[in-house]
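Observations on the three-dimensional arrangement
Now for the letters of each chain:
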Protein chains: 2
Amino acid sequence: MRDSVLLLSSDQLNLTFAALADPTRRAILARLIAGHTTVTALAEPHDMNLPAISKHLRVPERSGLIERSRDAQSRPSHLKAEPLKQAVDWLGSNRRH
Amino acid sequence: MRDSVLLLSSDQLNLTFAALADPTRRAILARLIAGHTTVTALAEPHDMNLPAISKHLRVPERSGLIERSRDAQSRPSHLKAEPLKQAVDWLGSNRRH
DNA sequence: CGCATACTTAACCAATCGGTTAATTGCGAA
DNA sequence: TTCGCAATTAACCGATTGGTTAAGTATGCG
């Protein structure tokens, strides 16, 4: 069974914040702001092998932070705005200014 | 040896986002916006015992999200703004997408 | 002092995490 | 069809997480 597309917002916040709680994944997400790119390219700056990056990518994917497509042999990742927006909204509504 | 007060900003982001990645802890932090309160009061809405809440509190404490003081037998928790600000800043500078 | 209140600490446990190596799949080129 | 590149999956491992129960500690009150 694949993961559901519908996530309760609490579950999605769990997954989004968990995805952000690792420096490798934050670097990957920051890189993806510049535009979609392949797993090998995402792996290049990091001192770990492809399977490790592949596993890392599954974390933000489960929260909807990224989506993946296919381009020949490559599986480019694309950043999606909605989960980030949700995280920002939670932080915004929970901060006394 | 106690935890260091000085955290590398990357480490602090790790700890802050990890603290936010759990619904019990988010509820606790949201409650603390209304003002400082005790462990027992924080535990009351949750279906788990005091040691569990005590452990939960150690997570945002390690990131600096909360600080704890003493008032007779109680150990009230206080929300601190700086780590939240850092998290918002990371999200802000990584969203223009 | 003796006792209650408010936690915290210790020990334990199953599940998840973050990495590894080795094998496998998907795709395009020759 | 065979080859090679890109990426995933499987199996494994030690460390961490999130909960439990039971015992220990700090503080205030009569």
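Everything in this summary refers to the structure shown in the same document. (Residues numbered from 1 in each chain as written. Chains lettered and ligands numbered in written order. Predicted model: local features only at pLDDT ≥ 70, side-chain atom pairs only at ≥ 80, totals over all residues. Heavy atoms only, no water.)

1. Quick word on the overall build of chain A
Within chain A, the regular secondary structure consists of five helices and two strands. For chain A, the succession of helices and strands along the chain, N to C, is α-α-α-α-β-β-α. Referenced to the eigenvectors of the C-alpha coordinate spread, the extents of chain A come out at roughly 45 × 30 × 20 Å. Buried positions account for 41% of the 97 residues belonging to chain A. Partitioning the contacts of chain A with sequence separation of at least 6, the portion at a separation of at least 24 is 51%. When the accessible area of chain A is evaluated, it comes to approximately 5700 Å², of which 52% is carbon and sulfur surface. Averaging the locations of the 14 positively and 10 negatively charged side chains of chain A gives two centres separated by 2 Å. (Helix = DSSP H or I, 4+ residues; strand = E, 2+ residues; numbered from the N terminus. Buried < 20%, exposed > 50% of the residue type's maximum accessible area, 1.4 Å probe, protein only. Contact = heavy atoms within 4.5 Å. Areas by Shrake-Rupley, 256 points an atom, 1.4 Å probe, with all protein chains shown as cover. Lys, Arg positive; Asp, Glu negative; His and termini not counted. Charge placed at Lys NZ, Arg CZ, Asp CG, Glu CD.)

2. Focus on the protein's contact with DNA strand D
The full set close to DNA strand D counts 22 residues, and Thr40(A), Ser54(A), Asn49(B), Lys55(B) and His56(B) are the nearest of them. The contact in question runs from a phosphate oxygen of DNA strand D to an N or O atom on the backbone of Arg75(A), over 3.3 Å. Here a phosphate oxygen of DNA strand D and a side-chain polar atom of Arg25(B) are 3.0 Å apart. When residues of the surface near DNA strand D are traced back to their parent elements, those giving at least two are helix H3 (39-43) and helix H4 (50-63) of chain A together with helix H4 (50-63) of chain B. (Near = heavy atom within 4 Å. Polar contact = N/O pair within 3.5 Å; in protein donor to acceptor, adjacent residues only side chain to side chain.)

3. As for unusual backbone geometry
Residues and elements named next belong to chain A. One non-glycine residue with positive phi stands out, namely Ala72, at about 55°. Looking at the secondary structure, you find Ala72 in the loop between strand E1 (66-68) and strand E2 (77-79). Ala72 gets classed as exposed once you look at its relative accessible area, which sits at 54%.

4. What about the interface of chain A and chain B?
Taken together, the 24 residues of chain A in the interface contact 23 residues of chain B. A combined buried area of about 2200 Å² lies between chain A and chain B, and 69% of that area is made up of carbon and sulfur atoms. It is Arg26(A), Ile33(A) and Leu91(A) in chain A that bury the most area against chain B; as a group they hold 26% of the surface buried on that side. The interface formed by chain A and chain B contains zero salt bridges. For the side of chain A that touches chain B, the elements supplying multiple residues, two or more each, are helix H1 (9-20), helix H2 (23-33) and helix H5 (81-93) of chain A. Tallied by class, residues from the side of chain A that touches chain B come to 16 nonpolar, three polar and five charged. (Buried area = accessible area lost by both parts, 1.4 Å probe. Salt bridge = Lys/Arg side-chain N within 4 Å of Asp/Glu carboxyl O. Nonpolar A, V, L, I, M, F, W, Y, C, P; charged D, E, K, R; others polar.)

5. A short note on the relation of the copies chain A and chain B
Mapping chain A onto chain B is achieved by rotating through 180° and translating by 0.0 Å along the same axis, at an RMSD of 0.0 Å. Viewed as a symmetry operation, the transformation between the two copies matches a two-fold axis. Both copies share a contact surface, since 88% of the interface residues of chain A are interface residues in chain B too. (Least-squares fit on C-alpha atoms with pLDDT ≥ 70 in both.)

6. Describing the protein's contact with DNA strand C
Neighbouring DNA strand C are 22 residues; Lys55(A), His56(A), Thr40(B), Ser54(B) and Arg75(B) lie closest to it. Near-protein atoms of DNA strand C (within 4 Å) split between backbone and bases, with sugar and phosphate holding 69%. Here Asn49(A) contributes a side-chain N or O atom positioned 2.7 Å from a phosphate oxygen of DNA strand C. The separation between a sugar or linking oxygen of DNA strand C and a polar main-chain atom of Gln73(B) is 3.4 Å. Taken together, the elements giving at least two residues each to the surface near DNA strand C come down to H4 of chain A together with helix H3 (39-43) and H4 of chain B. Considered class by class, the residues forming the surface near DNA strand C number seven nonpolar, eight polar and seven charged.

7. Some details on helix H2 (residues 23-33) of chain B
Residue and element names in this part refer to chain B. Along H2, the residues that are buried comprise Thr24, Arg25, Arg26, Ile28, Leu29, Leu32 and Ile33. Where H2 begins, the side chain of Asp22 points an oxygen toward the backbone nitrogen of Thr24, at a separation of 2.9 Å. At the exit of H2 stands Gly35, carrying a positive phi of roughly 140°.

8. Some details on the side chain of Arg25(B)
Residue and element names in this part refer to chain B. Locating Arg25 in the fold gives a position in helix H2. Here Arg25 is buried and forms no salt bridge, its nearest opposite-charge partner Asp22 lying at an N-O distance of 4.5 Å. Residue contacts for Arg25: discarding those within four places in its chain leaves Ala18, Ala19, His56, Val59 and Pro60.

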